[in-house]
Number of protein chains: 2
Amino acid sequence: MPSGYRDWRLISIAHEEGNLNDLRAVLGNDVAIEAYREGKLPFPDGAIIARLAWSYVPSVENNEAFGRPQSFVAGTPTNVQFMVKDSKKYAATGGWGFAQFDDRKPAHVVAQDCFACHVPAKARDYLFTRYAP
Amino acid sequence: MPSGYRDWRLISIAHEEGNLNDLRAVLGNDVAIEAYREGKLPFPDGAIIARLAWSYVPSVENNEAFGRPQSFVAGTPTNVQFMVKDSKKYAATGGWGFAQFDDRKPAHVVAQDCFACHVPAKARDYLFTRYAP
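The following refers to the structure shown. (Residues numbered from 1 in each chain as written. Chains lettered and ligands numbered in written order. Predicted model: local features only at pLDDT ≥ 70, side-chain atom pairs only at ≥ 80, totals over all residues. Heavy atoms only, no water.)

This part takes up the overall build of chain A. Tallying secondary structure elements over chain A gives three helices and six strands in all. The N-to-C order of helical and strand elements in chain A reads β-β-α-β-α-β-β-β-α. When its C-alpha atoms are laid out on the principal axes, chain A stretches across 55 × 35 × 30 Å. Pairs at least 24 residues apart make up 45% of the contacts formed inside chain A by residues separated by at least 6 positions. Per element, the accessible surface of chain A, about 6,600 Å² overall, is 56% carbon and sulfur. Computing the positive centroid from 15 side-chain charges and the negative centroid from 15, chain A places the two 5 Å apart. (Helix = DSSP H or I, 4+ residues; strand = E, 2+ residues; numbered from the N terminus. Contact = heavy atoms within 4.5 Å. Areas by Shrake-Rupley, 256 points an atom, 1.4 Å probe, with all protein chains shown as cover. Lys, Arg positive; Asp, Glu negative; His and termini not counted. Charge placed at Lys NZ, Arg CZ, Asp CG, Glu CD.)

Ranked by internal contacts, the top residues of the largest apolar core, which has 36 residues, are Leu10 and Ile13 of chain A together with Leu10 and Ile13 of chain B. Taken together, the elements giving at least two residues each to this core come down to β1 (9-16), β2 (22-28), β3 (48-58) and β4 (71-85) of chain A together with β1 (9-16), β2 (22-28), β3 (48-58) and β4 (71-85) of chain B. Discounting chain neighbours no more than four positions away, the residues touching Ile13 of chain B are Ile13, Leu23, Arg24, Ala25, Trp54, Val73 and Ala74 of chain A together with Arg24 and Ala25 of chain B. (Core = buried A, V, L, I, M, F, W, Y, C linked by side-chain atoms within 4.5 Å. Buried < 20%, exposed > 50% of the residue type's maximum accessible area, 1.4 Å probe, protein only.)

Another point: the pattern of salt bridges. Summed over all chains, the structure comprises 20 salt bridges over all chains. Among the salt bridges present, the one from Lys105 of chain B reaches Asp103 of chain B, with a minimum N-O distance of 3.7 Å. On the basis of relative accessibility, which here comes to 63%, the residue Asp103 of chain B falls in the exposed class. The network of salt bridges with common partners includes Asp7 of chain A together with Arg9, Asp30 and Arg37 of chain B. (Salt bridge = Lys/Arg side-chain N within 4 Å of Asp/Glu carboxyl O.)

As a further point, take the interface of chain B and chain A. Every contact between the two is made by 37 residues of chain B and, on the other side, 37 residues of chain A. Summed over both sides, the interface of chain B with chain A buries roughly 3,300 Å², with 52% coming from carbon and sulfur. Three residues, Arg6, Leu10 and Ile13 of chain B, lead the burial of chain B against chain A; their summed loss comes to 20% of the area buried on that side. Joining chain B to chain A, the criterion identifies eight salt bridges. The partner of Glu61 of chain B in a salt bridge is Arg130 of chain A, with the nearest N and O atoms 3.2 Å apart. Across the contact surface, chain B and chain A share 28 residue pairs in polar contact (both at pLDDT 80 or more). Secondary structure elements with two or more residues in the side of chain B that touches chain A: β1, β2, β3, α2 (60-66) and β4 of chain B. Looking at the side of chain B that touches chain A, the element that brings in the most residues is β1 of chain B, giving eight residues. (Buried area = accessible area lost by both parts, 1.4 Å probe. Polar contact = N/O pair within 3.5 Å; in protein donor to acceptor, adjacent residues only side chain to side chain.)

Relating the two copies of this chain is a rotation about some axis coupled with a shift parallel to it. Structural alignment of chain B on chain A gives an RMSD of 0.0 Å, achieved by rotating through 180° and translating 0.0 Å along the axis. Those values place the two copies in the arrangement expected of a two-fold rotation axis. Taking C-alpha positions as reference, the residue of chain B nearest the rotation axis is Arg9 of chain B, located at 2.9 Å. Comparing interface residues between copies, 100% of those in chain B also lie at the interface in chain A; the contact surface is shared. (Least-squares fit on C-alpha atoms with pLDDT ≥ 70 in both.)

Residues and elements named next belong to chain A. The buried fraction of β2 is high, at seven of seven residues. In the sheet, β1 pairs with β2 via seven bridges, with the strands oriented antiparallel. Residue pairing for β2: Ser12 is matched across the bridge by Val26. The loop that links β1 with its antiparallel partner β2 comprises five residues; one of these, Gly18, has a positive phi angle of about 70°. Sheet analysis places β2 next to β3, joined by seven bridges and oriented antiparallel. Of the residues in β3, the one forming a bridge with Ala25 is Leu52. (Pairing = 2+ DSSP bridges.)

Our next topic: the pairing of β4 of chain A. Where β3 of chain A lies against β4 of chain A, nine bridges are found, and the strand directions are antiparallel. Bridge pairing in β4 of chain A links Tyr56 of chain A to Ala74 of chain A. Two elements, β4 of chain A and β1 of chain B, share three bridges in a ladder whose sense is antiparallel. The residue of β1 of chain B that forms the bridge with Val73 of chain A is Ala14 of chain B. Sheet topology note: the β4 of chain A/strand β5 (residues 96-102) of chain A ladder contains seven bridges and is antiparallel. Residue pairing for β5 of chain A: Lys85 of chain A is matched across the bridge by Trp96 of chain A.

Right, here's the structure in full:
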């Protein structure tokens, strides 16, 4: 796993329902954050995107404070995914390497499968996530 | 607004339903992050917590990629709130100053009202948000 990724700056956040049922944060290293903020496309080599996810759990204590059931927070971590830009090394998958870690151990993901799902975002260099100001 | 807060590190994220209907990220300055990670209580003077929020919007393009309606992302920013630890200056409100900015302009919030809702989290120095590993 790229060292220090938990300290990287925030790109945006999301909630996935269904089987994923998570809250997720997308962080970027300095190269990635700079590219996002400046609208650089394609992302330069060295950019790394980290997608952290946690189980989606209701917060009893938040709900009590708000006076109604409305609050969902990040629970236990599920997995962490990375996209690493290296236009030569990963030329076959849009210049991006893909990796997933479950419980900090490499998961058996097939980069071509990751890439296939990211193709619709080709116009934004295969990144679905938009920077949240 | 505290300068550079958008670059601060991530504490955790949440989704609020109801009138708020947002996705929110809680960031901390270095003092706050260190206190969270080390379990320091109370938080030392100088700690600042930033709560950013964005409208909760379905992502058509993510849903198409996933093949089902399940994805919600951060839309337009709603407001930003801060908690600033200064145990002397804000002694009347648990040592925390409270502020809200709407569209980058100070909102008319009453610190006592903010504090009143945070009292149930007194055992964690009035912070509801837990650090997401």
